[in-house]
Amino acid sequence: MTHADTAGSTVIDVQGLRKTFGKFTALDGLDLRVEAGDVAGFLGPNGSGKSTTIRILLGMLGHDGGTATVFGMDPHRDAVAIHRRIAYVPGDVTLWPQLTGGECIDLLLQLRGIDPATLPARAELIDRYELDPTKKSRSYSKGNRQKVALIAALAADTDLLVLDEPTSGLDPLMVREFARNVTERAQRGAAVLMSSHLLAEVDELCNTVTIIRGGRTVQAGRLDDLRHLRRSRVTAAVAAGGGLTNLPGIYDLEPLGDGEVTFTVDDAALPAVTAALSGAGVTRLAIEPPSLEELFLQNYSGAERE
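(A) View of the pairing of strand S1 (residues 10-21). Sheet topology places S1 next to strand S2 (residues 24-35); 9 bridges connect them, and they run antiparallel. Across the sheet, threonine 10 pairs through a bridge with glutamate 35, a residue of S2. The loop that links S1 with its antiparallel partner S2 comprises 2 residues; one of these, glycine 22, has a positive phi angle of about 65°.

What follows is the structure, encoded as structure tokens:
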């Protein structure tokens, strides 16, 4: 099945997923959905269940309740068929120390039944990631080991990329290259599930996000839609800011000095607020949409309060 065949279809479908380890509940009714062409951010604090979910999707763990399918198949029972169509990159890559980086890439591809000589993308990616494939992998830094795994994953034309902290150890230039690669793959119809602690990276790269805590989904959807649930941040320099105090929809109003104020505002109140700012003699105005960091921290802080 090609990317074109899967476009718009559900690649990962997880509903009410449960997993316990003895008395510890790792997953407690988690939901996760990823469509073909999506770059899906998978976020949560340490211990929230991200790695357990990924291991279940890869067929490495069974689950105790709920359902989980990849390409409509059972990850545990149909692992061989699923793995032919996916590539996985962990956050901490271990390679064969006696092999060169190029040999590790070739071996990883051959394990998938792919002849590296048939993949022009292999040489292109080695060049784009500035990897010396002739060095023994035991001499590689963490970042170079990560590059080997990324090149092997991206060189094959798979329908799903599962990336668990994929940019760990990469410098900013290589992170930018990684973002281009992932965007290209999604544009061709592949699905991408990416776990990351770098909220700015997810904010820039992902079009959907699932935030989990305590083994449960607390927010999920398209990132633009989720942002509508949060307030924008306004910073303004005004001649007289007193008229803003009693306006509905304004929160956390703070003076910054030199006539500047900052506050958050509901989207529905923005027209009235901008009119009030105009009447107050605004000389400088900045309106920032709610960030993924605010979305994440609100959910995480809410969990801590509970």
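(B) Fine view of the side chain of asparagine 181. Summarising the element assignment, asparagine 181 is placed in helix H7 (residues 172-187). In contact with asparagine 181, not counting residues within four places along its chain, are Leu125, Arg128, Tyr129 and Leu154.

(C) Structural view of a nonpolar patch on the surface. Nonpolar side chains collect at one region of the surface, where Val282, Leu285 and Ile287 lie side by side and expose about 220 Å² of accessible area between them. Counting through the fold element by element, leucine 285 comes out in strand S13 (residues 282-288). Looking at leucine 285, the relative accessible area reads 41%, which means it is partly exposed.

(D) The layout of surface pockets, seen in detail. Approximately 530 Å³ is the volume found for the largest pocket. For the largest pocket, the lining is made up of 18 residues, of which Ala87, Tyr88, Pro90, Leu108 and Arg112 are closest to its centre. Tallied by class, the residues present in the lining of the largest pocket amount to 15 nonpolar, 2 polar and 1 charged.

(E) Just the pattern of salt bridges, in detail. Under the criterion given, the structure shown has 15 salt bridges. Taking the shortest distance from any N to any O, the salt bridge between arginine 216 and aspartate 28 comes out at 2.8 Å. With arginine 216 in strand S9 (residues 216-222) and aspartate 28 in strand S2, this residue pair connects regions lying 188 residues apart in the sequence. With a relative accessible area of 47%, arginine 216 lands in the partly exposed category. With a shortest N-O distance of 3.4 Å, arginine 128 and glutamate 184 are connected by a salt bridge. Within this pair, whereas arginine 128 is found in helix H5 (residues 120-128), its partner glutamate 184 is found in helix H7, the two being separated by 56 residues in sequence. What makes glutamate 184 partly exposed here is its relative accessible area of 31%. Sharing partners across several salt bridges, the network here consists of Glu124, Arg128, Glu177, Arg180 and Glu184.

Definitions and limits used
Residues numbered from 1 in each chain as written. Predicted model: local features only at pLDDT ≥ 70, side-chain atom pairs only at ≥ 80, totals over all residues. Heavy atoms only, no water. Pairing = 2+ DSSP bridges. Helix = DSSP H or I, 4+ residues; strand = E, 2+ residues; numbered from the N terminus. Contact = heavy atoms within 4.5 Å. Patch = residues over 30% accessible without salt bridge, like charges linked within 9 Å, V, L, I, M, F, W, Y side chains within 5 Å. Areas by Shrake-Rupley, 256 points an atom, 1.4 Å probe, with all protein chains shown as cover. Salt bridge = Lys/Arg side-chain N within 4 Å of Asp/Glu carboxyl O. Buried < 20%, exposed > 50% of the residue type's maximum accessible area, 1.4 Å probe, protein only. 1 Å grid on protein atoms, 1.4 Å probe; cavity = no way out; pocket = protein on both sides within 12 Å on 5 of 7 lines; lining within 4 Å. Points joined across faces, edges and corners; volume = space filled by probe spheres on them. Nonpolar A, V, L, I, M, F, W, Y, C, P; charged D, E, K, R; others polar.

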